[in-house]
Every structure is written in structure tokens, then in C-alpha cells.
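Analysis of the macromolecular model
So you can see what is in the structure, the chains are spelled out below.
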Amino acid sequence: MIRPSDIEDKEFKKVAVGYSPEEVDRFLDEIYVDYEQLFRENRELKMKLNNLANSGATQMTAPVPKVQQTAPQIPAPQMSPQQTSQSIEKALAKTLTLAERVAEETKENARAAAAQITESAVAKAEEIIGSARTRAFELEQDIHRLESRYELMKTRVKLLLYAEIELLDKNEIISEKENGYEAEEFQNPQQ
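Small disclaimer: the values here were computed from a predicted structure and weren't measured. (Residues numbered from 1 in each chain as written. Predicted model: local features only at pLDDT ≥ 70, side-chain atom pairs only at ≥ 80, totals over all residues. Heavy atoms only, no water.)

Side note on the overall build of the chain
Each helix and strand in the chain was counted, giving three helices and zero strands. The secondary structure elements of the chain, listed N-terminal to C-terminal, are α-α-α. Taken over 191 residues, the chain has a buried fraction of 5%. For the chain, the proportion of contacts with a sequence separation of at least 24, taken over those separated by at least 6, is 66%. Just so you have it, the chain exposes about 17,500 Å², and 58% of that area is on carbon and sulfur atoms. (Helix = DSSP H or I, 4+ residues; strand = E, 2+ residues; numbered from the N terminus. Buried < 20%, exposed > 50% of the residue type's maximum accessible area, 1.4 Å probe, protein only. Contact = heavy atoms within 4.5 Å. Areas by Shrake-Rupley, 256 points an atom, 1.4 Å probe, with all protein chains shown as cover.)

As C-alpha cells, this is what we get:
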């Protein structure tokens, strides 16, 4: 069986093409931590199993596997099977209670975060709507100003055109009169 120290001490050959050494080292470090924890738990469970088997409380027909001793073994207090069962039940009840409490806290945190996100989104939406309404009002005012200027300019252009037409009419009358005088002078040369 591979020990955690085997993982920690493992060295790989360096080659020009291959995996990133930093990534491999990080991954091995993660594996080392998890594997060390599993290794310890396995050793503890084997010790408990040995203690139960040695207590004579149960009759096992299969031989109990020997525990690999890498650390000094601390003798567990001798308990009857009923006490062991009660102890396990209490531990499971505590674990369940703790898991329920953590789940509730997680739910409450999630609800609080969701409420905060919702409030933030509503405030942002109101800000955007307010800004859009202000801009729409400003654009309406601009439209009214431009329409007023358009009407004013249209009136001025009309007045200018009417004035020009009037001038043209006056020029035609004057021109006709001048033509009439010239014609008379031509017919009646100096009398």
C-alpha cells in the first residue's frame, strides 16, 4: 500500500516536453493531504476493529487484518458492544444535528445573499428607469423647441418670399411705366 510519505517524496524525471512541473507538484500536494487523511482514518478504524475483536464481545470467524503500525498505538477504553453502539448512535446524532444546523445556516446565508442581490438589482433598475425618464423628458423638450423654431423659420421664410414677390410686382409696374414713357418719347420726339 502506498503511504502518504511515498507521495510526498516521489520525484519525477524532468523532460523537455511534458507536463508543467508546478501543476504536477500542486496536484500531488492536494492528493497527499487527502490521502494522508484517509490513511489516518483507515488506521484508526482498523484499531477500533481490533479492539472490538480483542474485547471478546463478538465472535468473528474471519481473521482480523493486522494494522500497520506507523505511530504508537493508544489503547482505547474497553466498552461493551451496547456502549459502543450507544456511543456511535450519539456521535451520529451529533453529526446529524450539526449537519442540519450547517445546512440551515447555508440556506439563511443564501437567502440573505439573494435578498441583497434582489435589492441591488431593484435599486439599479429604478436608477436606470429614472435616468431614462429624465432623458425622455429632455428629448421631448428639445423636440418642442425644435418644432417652435421650425414654425418661426417657416413664417419668416414666407414673409421674406411675400416681400420678394411684392418687390417683383413693384419692379414690373415701374418697368412698364418706364417702357411707356420711352415709347411716348420715341413717338413724340422733342416737340
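Some points on the pattern of salt bridges
In total, this model carries six salt bridges according to the counting rule given. In this structure, D142 engages R145 in a salt bridge whose closest nitrogen and oxygen atoms are separated by 2.2 Å. Taken together, the residues D142 and R145, both in helix α3 (residues 81-187) and three residues apart, mark about one turn of the helix. (Salt bridge = Lys/Arg side-chain N within 4 Å of Asp/Glu carboxyl O.)

Overview of helix α2 (residues 21-54)
Compared with the 50 Å implied by 1.5 Å per residue over 34 residues, the 48 Å span of α2 between its first and last C-alpha is a close match. Every buried residue of α2 is listed here: L28, Y32, F39, R43, M47 and N50. At its buried positions, α2 is contacted by α1 (4-9). (Expected span 1.5 Å × (residues − 1).)

Let's talk about a nonpolar patch on the surface
Residues L159, Y162 and I165 make up a contiguous nonpolar surface patch of roughly 340 Å² in combined accessible area. When you line up the elements, Y162 lands in helix α3. (Patch = residues over 30% accessible without salt bridge, like charges linked within 9 Å, V, L, I, M, F, W, Y side chains within 5 Å.)

Concerning a negative patch on the surface
A contiguous patch of negative charge, built from D6, E8, D9, E11, E22, E23, D25, D29, E30 and D34, is present on the exposed surface. Contributing elements (two or more residues each) for the negative patch: α1 and α2. Ranked by residue count, the leading element in the negative patch is α2, at six residues. As for its position among the elements, D34 is in helix α2. With relative accessibility at 47%, the residue D34 sits in the partly exposed group. (Lys, Arg positive; Asp, Glu negative; His and termini not counted. Charge placed at Lys NZ, Arg CZ, Asp CG, Glu CD.)

Concerning the confidence of the model for the chain
Confidence in the prediction for the chain averages 79 pLDDT; 80% of positions are at 70 or higher. Summarising per-element confidence for the chain, the mean pLDDT is lowest in α1 (77) and highest in α3 (87). Across residues 57-62, where pLDDT falls below 50, the model places four contacts with residues more than four positions away in sequence or in other chains. (pLDDT = per-residue confidence, 0-100.)

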